[in-house]
Amino acid sequence: MSAYVLSLDQGTTSSRAILFDHAGAVVAVAQQEFPQIYPEPGWVEHDPEAIWRSQVDSARAALHRANITASEIAVIGITHQRETTVIWDRATGEPIYNAIVWQCRRTAPLCEQLKAEGFDSVIAARTGLVTDAYFSGTKVAWLLDNVSGARERAERGELAFGTIDTFLIWRLTQGRVHATDVSNASRTMLYDIRAGDWSDEILARLNIPRAILPQVMPSSAVYGETDLLHMSIPIAGVAGDQQAAAFGQSCFEAGTAKNTYGTGCFMLMNVGGLAVPSKANLLTTVAWKLGDQPTQYALEGSVFIAGAAVQWLRDELGLIRHASESQVLAESLADSGGVYVVPAFVGLGAPHWDQFARGAVLGLTRGTGRAHIVRAALEAVAYQTRDVAEAMHADSGIDLKALRVDGGMVSNDFLMQFQADILGTAVQRPAVTETTALGAAYLAGLAVGFWASPEELKRQWRVEREFAPRMSADQRESLYAGWKKAVERAKNWA
């Protein structure tokens, strides 16, 4: 009897595999980190082979920890870091270059050129996105222009492009399936989210041949089968990490919203079956598509650096040895002592979209210690989330009654309480915080009948703890005003 769903959760710094049972409970987790590659300032790359090995090893380790066999897995779902771009040889499956990571800023000059031409208005109208190096389209163009012979090979149909989901599906099916889902296609800056097809106009401007593009499929559908675990198992759910998290949080109705605190920070609000254009510098994106049902859309605010700021405190500054120390240090102080950290290491995302902003620490005095900087870095995550929430309210007119949260950082009680305080809104941490992987599992399970309907999934969602605001309105607004002042200092630096 197939009793479990296996989620492959391929992230920016590690690959994970999580087994879920029919109740949506975590049965086993395995995780493996892989190296980050920084060839030049502002450039970020991954070795696709390291991603593949870490994902395969994690899947096998999860089964081993659960003491189950592949015959007990009903279906596989895939979720992953979005926008990260790989091009590989169709014949051999070998990448022609490292994966260019979503954080990488190497194509910022091309984005500025597109804006100068006024082509950013075309991109916004077709894709719902701003013109930024964050997205895949200019990364594809860079690879074709800078890897010797790549463009000619692409035009001959010898190469394949994909985000990480597509690369994993290709490998898992031994090259039989070259596909992505609508949520990931909508993040490439190449996909017309209303027409439901790749945009010939954008492809022509970036000189990207259609021959390298994957087939676009629903988020919940059978893609193919893999025998990776020595038994044929269907792959039937695929979504970008943030869309998967929203699905795992049961944000099925228009107006429901979640925020994920991972390497970056991402808030999504379901806006239903119409792609609502943003006037407040948010992204209009595909949420998901279930089988032959209508596509669902979302407004999204993307913050580039959240958990990565804690990694920076640990790995580059040596202020903490473990991420958990950040909560202890933050709670050792009554406040940050007027210190603000603006973690614009790779520019600022929504709603600022300043790819030339850079990180800054402001408000230092002789009495500033490591605890102040650590606390200010955590507070910065909450401030950036409020920036997005303000823009989301401006676009939707909806007052958030509560914010559903997930991701690795939500275990930090200080951060969750400060988030509630600075928003003036309740923050709800679910019983199952692995909502990204859970969303991919749900999408896969729905496609093969493991779960009957979204209504069944909604009944499984539970709150583990709710953080209610405790801060006075005057204090909240005073702190937030200081943050906005700090952000202005960091803008347009590079």
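Quick note: structure is the one above.
What comes next concerns the included structure. (Residues numbered from 1 in each chain as written. Predicted model: local features only at pLDDT ≥ 70, side-chain atom pairs only at ≥ 80, totals over all residues. Heavy atoms only, no water.)

1. Here we look at the overall build of the protein
Quick reminder of the rule: The helix and strand labels rest on DSSP assignments: H or I over at least four residues marks a helix, E over at least two residues marks a strand, and numbering proceeds from the N terminus. With the radius of gyration taken over C-alpha atoms, the globule rule is written as 2.2 Å times the number of residues to the power 0.38. For each residue, the accessible area found with a 1.4 Å probe, counting protein chains only, is set against the maximum for its type, and the residue is called buried under 20%, exposed over 50%, and partly exposed in between.
Secondary structure summary: the protein contains 16 helices and 23 strands in total. A compact globule built from 494 residues should have a C-alpha radius of gyration of about 23 Å, and the protein, at 21 Å, falls within 12% of that. Seen along its three principal axes, the alpha-carbon backbone of the protein occupies a region of about 60 × 55 × 45 Å. Buried residues in the protein amount to 63% of all 494 residues.

2. As for the environment of T433
The criterion, for reference: By definition in these notes, contact holds between two residues if any of their heavy atoms fall within 4.5 Å.
Along the chain, T433 turns up in the loop between strand 22 (426-430) and helix 14 (435-448). For T433, a relative accessible area of 31% puts it in the partly exposed group. Between the C-alpha atom of T433 and that of S148, which follows or precedes it by 285 residues, the distance is 44 Å. Ignoring anything within four residues of it in the chain, the contact list for T433 reads D406, G407 and V410.

3. Considerations on helix 12 (residues 370-396)
Put simply, the test is: What a helix is expected to span follows from its residue count: subtract one and scale by 1.5 Å.
In a regular helix each residue adds 1.5 Å, so 27 residues correspond to 39 Å; helix 12 covers 40 Å between its end C-alpha atoms and thus fits that length. Within helix 12, 22 of the 27 residues are buried, leaving the element largely enclosed by the surrounding structure. G397 sits one or two residues past helix 12 and shows a positive phi near 75°.

4. Some details on the side chain of T435
Mapped onto the fold, T435 is located in helix 14. Once residues lying within four places of it in the same chain are set aside, the contact partners of T435 are A244, A245, G248, Q249, D406 and P430.

5. Some words on the sheet that holds strand 15 (residues 257-261)
We count it as follows: Whether two strands pair depends on DSSP finding at least two bridges between them. For helices, the axis comes from a line fit to the C-alpha atoms of the stretch in contact; other axes are also lines fit to C-alpha atoms, and the angle between any two N-to-C directions lies between 0 and 180 degrees.
Here we have seven strands laid out as an open sheet, ordered 17-18-16-15-21-22-23, and mixed in their pairing. Since the sheet does not close on itself, it has two edges, and those belong to strand 17 (283-288) and strand 23 (463-467), each with one partner. Going across the sheet, the axis of each strand differs from the next one's by a mean of 30°, ignoring polarity. Here strand 15 pairs with strand 16 (residues 265-272) via five bridges, running antiparallel. Within strand 16, the position partnered with T260 by the bridge is F266. Packed on one face of the sheet, helix 9 (residues 241-248) meets strand 15, strand 16, strand 17, strand 18 (296-303) and strand 21 (402-406) and runs near 60° to strand 17.

6. Quick word on unusual backbone geometry
The amide bond that connects A350 to the next residue, P351, takes the cis arrangement and shows omega of -5°. Phi angles above zero are rare outside glycine, and E83 is one such case at about 70°. Within the secondary structure, E83 is located in the loop between strand 5 (73-80) and strand 6 (85-89). Overall, E83 belongs to the buried group, its relative accessible area being 2%. Non-glycine residue N281 carries a positive phi angle of around 65°.

7. Digging into the environment of V26
Along the polypeptide, V26 turns up in strand 3 (residues 26-33). With sequence-adjacent residues up to four places away left out, V26 is seen in contact with I18, L19, F20, V432 and E434.

8. Some words on the packing of aromatic side chains
To be explicit about the condition: Stacked, edge-to-face and tilted are the three classes for Phe, Tyr and Trp ring pairs, Trp counted by its six-membered ring, which pair at centre distances within 6.5 Å; planes under 30 degrees apart are stacked, over 60 edge-to-face, the rest tilted. A ring is considered to have a charge above it if a Lys NZ or an Arg CZ atom is located within 6 Å of its centre and within 35 degrees of its normal.
Per the counting criterion, the structure on display carries 22 aromatic pairs. With a centroid separation of 6.0 Å and 70° between ring planes, the pair formed by W102 and F266 is classed as edge-to-face. With a gap of 164 residues between them, W102 in the loop between strand 7 (99-100) and helix 2 (108-117) and F266 in strand 16 connect regions that are remote in the sequence. Each member of the pair W102 and F266 is classed as buried. Their ring planes at 40° and their centres at 4.6 Å tell us that Y134 and F135 sit as a pair that is tilted. Take Y134 and F135: they sit in the same class, and that class is buried. Lying across the ring of W142, R106 places its NZ or CZ 4.6 Å from the centre. Looking at R404, its charged tip hangs above the ring of W461, at a distance of 3.8 Å from the centre.

Any functional reading would require information that these geometric values do not contain.
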